[in-house]
Amino acid sequence: MLPIWKRLPNESSRVYRLQTDAGERIVGRKVSPAWVAGALDTGTSSLSPDDAFTALMEGKTILDLAEGLQVRRARVMGVNRIELTGFSEAMRDRLRAYGLFGEIISWKLRFFVPTDTSGPAILARVLESYPIARIADRAVA
């Protein structure tokens, strides 16, 4: 753990000490799946759509997607939502077909991923067409 201590997120520095049934001792810290996926230098993200949805709902993760899209949690009208930004005029119909819904707020069209049980499946469709380019952690909004 010491070689990567400076790379670990700052939200919690609690250290866990565990012992397996076989007697092996483990020392570590709890980190989000988004941080793990971002820390791996594989070039592609191993973050599943379900894990991505969970990380976005927690508000600690920003996903940069292909073609300049970005997905993050936003508080809109007092409700936490998952917002997609950076879309172009040509992408609007495709995003609606994937299941995202749009609202005009302050004279600007904004797209959101539903936060109900259909959300992970809709996010999976978006990630199939626009793969994750980068995963960033942020403070809880």
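Residues numbered from 1 in each chain as written. Predicted model: local features only at pLDDT ≥ 70, side-chain atom pairs only at ≥ 80, totals over all residues. Heavy atoms only, no water.

Asks: Sorry if this is basic, but what is going on with the overall build of the protein chain here?
Replies: Looking only at helices and strands, one finds four helices and eight strands in the protein chain. Mapped in sequence order, the helices and strands of the protein chain form the string β-β-α-α-β-β-β-α-β-β-α-β. Within the protein chain, buried positions represent 38% of all 141 residues. Here the analysis covers contacts within the protein chain between residues at least 6 apart in sequence; of these, 49% occur between residues at least 24 apart. Carbon and sulfur atoms make up 52% of the accessible area of the protein chain, which totals about 8900 Å². (Helix = DSSP H or I, 4+ residues; strand = E, 2+ residues; numbered from the N terminus. Buried < 20%, exposed > 50% of the residue type's maximum accessible area, 1.4 Å probe, protein only. Contact = heavy atoms within 4.5 Å. Areas by Shrake-Rupley, 256 points an atom, 1.4 Å probe, with all protein chains shown as cover.)

Asks: Please explain helix H2 (residues 49–58) as it appears in this structure.
Replies: Every α-helix carries 3.6 residues per turn, so stepping three or four residues along brings you back to the same face. The complete set of buried residues in H2 reads Ala52, Phe53, Ala55 and Leu56. End-on view of H2: buried residues confined to an arc of 165°, all on one side of the axis. The positive-phi residue at the C-terminal boundary of H2 is Gly59, with phi of around 85°. (Arc of directions from axis to C-beta.)

Asks: In this structure, what is going on with a nonpolar patch on the surface? I would like to understand it.
Replies: Among the surface-exposed residues, Tyr16, Leu18 and Ile26 lie close enough to one another that they form a single nonpolar patch of about 260 Å² accessible area. Relative to the assigned elements, Leu18 resides in strand E1 (residues 16–19). Residue classification places Leu18 among the exposed positions, given a relative accessible area of 53%. (Patch = residues over 30% accessible without salt bridge, like charges linked within 9 Å, V, L, I, M, F, W, Y side chains within 5 Å. Salt bridge = Lys/Arg side-chain N within 4 Å of Asp/Glu carboxyl O.)

Asks: In this structure, what is going on with unusual backbone geometry? I would like to understand it.
Replies: Among all residues save glycine, negative phi is the norm, and among peptide bonds the norm is trans. One non-glycine residue, Met77, adopts positive backbone phi at about 55°. With respect to the secondary-structure elements, Met77 resides in the loop between strand E4 (70–76) and strand E5 (79–85). The residue Trp107 is not glycine, and still its phi comes out positive at about 60°. As for its placement among the helices and strands, Trp107 is situated in the loop between strand E6 (101–105) and strand E7 (108–113). You can call Trp107 exposed: its relative accessible area is 86%.

Asks: I'm lost on the nonpolar core in this one. Help?
Replies: One broad trend across soluble globular proteins is that nonpolar side chains are buried collectively. Ranked by size, the top nonpolar core spans 25 residues in total, and within it Leu63, Leu65, Leu84, Leu95, Leu100 and Tyr130 carry the most contacts. If you list the elements that add at least two residues to this core, you get H2, strand E3 (61–65), E5, helix H3 (92–98), E7, helix H4 (119–129) and strand E8 (132–137). For this core, the leading source of residues is H4, giving four residues. Excluding residues within four positions of it along the chain, Leu100 makes contact with Leu84, Leu95, Phe111, Phe112, Val113, Ile122 and Val126. (Core = buried A, V, L, I, M, F, W, Y, C linked by side-chain atoms within 4.5 Å.)

Asks: Please clarify how the pattern of salt bridges should be interpreted in this entry.
Replies: Pairs can form between side chains of opposite charge once their charged atoms are near each other. Summed over the entire model, instances satisfying the criterion amount to five salt bridges. Close ionic contact of Glu103 with Arg81 constitutes a salt bridge, the shortest N to O distance being 3.0 Å. Residue Glu103 is found in strand E6, and its partner Arg81 is found in strand E5; the two are separated by 22 residues along the sequence. We classify Glu103 as partly exposed; its relative accessible area is 22%. The buried category is assigned to Arg81, whose relative accessible area is 14%.

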